[in-house]
Amino acid sequence: IKFIGSKGSNEIQELLQQSDVVVGTSLFSNVNNSIQEAMAFGRPVVAFNSGETSKLIRHMDNGMLVERGNIEAFSESLIKLYLDPALRKHLGKKGQETILQTKSWVTRIKKELDIYESLAWMRRR
């Protein structure tokens with residue numbers, strides 16, 4: 001584990017490419033940019049289940065969720081990923097697919113266009 005402080009976007013990309021696992025330790029929200037960026041880079045994520053997190057991360061499908069504040073379970077999840085490269089690869093790939101399907105610019109634009117279309121339809125009524 002390395003605590004590296006603040007970095008620029010190019011440095012973050014390089015560090016993510018070098019990472020085996022990314023952890024989300026917030027007890028309140030782990031749908032922040034750092035988690036989404038890690039998933040976009042195909043890196044497996046271990047995070048506390050903050051409620052919000054489960055909207056993005058599905059335990060053992062595209063990441064690992066741990067009961068909020070359960071340090072022992074969090075450690076066990078990290079060990080499990082350390083010992084199982086195939087699981088790291090699977091969760092990383094599925095996480096990347098999740099981001100591409102739900103957070104891409106194309107997806108965002110489609111959602112916004114749907115909103116505008118529904119507002120225009122309501123106005124025509």
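Each remark here, short or long, concerns the structure printed above.
A. The overall build of the chain, seen in detail. A tally of regular secondary structure across the chain gives five helices and three strands. Its helices and strands taken in sequence order, the chain reads α-β-α-β-β-α-α-α from the N to the C terminus. Viewed in the frame of its principal axes, the chain has a C-alpha envelope of about 60 × 30 × 30 Å. In the chain, which comprises 125 residues, the share counted as buried stands at 29%. Sequence separation of 24 or more characterises 45% of the internal contacts of the chain that already satisfy a separation of 6 or more. For the chain, the exposed surface amounts to about 8,900 Å²; the carbon and sulfur share of it is 54%.

B. Examining the pattern of salt bridges more closely. Going through the model one piece at a time under the given rule, you end up with three salt bridges. Close ionic contact of glutamate 97 with lysine 94 constitutes a salt bridge, the shortest N to O distance being 4.0 Å. Of this pair, glutamate 97 and lysine 94 are both found in helix 4 (residues 85–102), three residues apart, which corresponds to roughly one turn of the helix. The class of glutamate 97 is partly exposed, set by a relative accessible area of 29%. Within the structure, one salt-bridge network assembled from shared partners comprises Arg58, Asp61, Lys94 and Glu97.

C. The packing of helix 3 (residues 71–83) against helix 4, seen in detail. Closest axis-to-axis distance for the helix 3/helix 4 pair is 5 Å, and the angle between their directions is 105 degrees. It follows that helix 3 is roughly perpendicular to helix 4 by the angle criterion. Note on element contacts: helix 4 touches helix 3 through Pro85, Leu87, Arg88 and Leu91, opposite Lys80, Leu81, Tyr82 and Leu83. Broken down by class, the residue content of the contact of helix 3 with helix 4 amounts to six nonpolar, no polar and two charged.

D. Examining the environment of leucine 78 more closely. As for its position among the elements, leucine 78 is in helix 3. Considering only alpha carbons, one finds leucine 78 and valine 21, 57 residues apart in sequence, at a separation of 8.0 Å. Excluding residues within four positions of it along the chain, leucine 78 makes contact with Val21, Val23 and Val46.

E. Up close: the side chain of threonine 98. By secondary structure assignment, the location of threonine 98 is in helix 4. At a separation of 2.9 Å, a polar atom in the side chain of threonine 98 contacts the side chain of asparagine 62. Residues in contact with threonine 98, not counting those within four places in the same chain, are Met39, Leu56, Arg58, Asn62 and Lys103.

F. Main features of the packing of aromatic side chains. Under the defined criterion, the tally for this structure stands at one aromatic pair. Here the aromatic rings of phenylalanine 48 and phenylalanine 74 are separated by 4.7 Å at their centres, their planes lie at 40 degrees, and the arrangement is tilted. Of this pair, phenylalanine 48 sits in strand 2 (residues 45–49) while phenylalanine 74 sits in helix 3, and the two are 26 residues apart along the sequence.

G. Highlighting unusual backbone geometry. Phi at methionine 60 takes a positive value of approximately 65 degrees, unusual for a residue other than glycine. Mapped onto the fold, methionine 60 is located in the loop between strand 2 and strand 3 (64–67). Given the relative accessible area of 30%, methionine 60 is considered partly exposed.

The rules we used
Residues numbered from 1 in each chain as written. Predicted model: local features only at pLDDT ≥ 70, side-chain atom pairs only at ≥ 80, totals over all residues. Heavy atoms only, no water. Helix = DSSP H or I, 4+ residues; strand = E, 2+ residues; numbered from the N terminus. Buried < 20%, exposed > 50% of the residue type's maximum accessible area, 1.4 Å probe, protein only. Contact = heavy atoms within 4.5 Å. Areas by Shrake-Rupley, 256 points an atom, 1.4 Å probe, with all protein chains shown as cover. Salt bridge = Lys/Arg side-chain N within 4 Å of Asp/Glu carboxyl O. Axes fitted to C-alpha atoms, helices over the stretch in contact; angles between N-to-C directions. Parallel < 35°, antiparallel > 145°, perpendicular 65-115°, else oblique. Nonpolar A, V, L, I, M, F, W, Y, C, P; charged D, E, K, R; others polar. Polar contact = N/O pair within 3.5 Å; in protein donor to acceptor, adjacent residues only side chain to side chain. Phe/Tyr/Trp six-rings, centres within 6.5 Å; stacked < 30°, edge-to-face > 60°.

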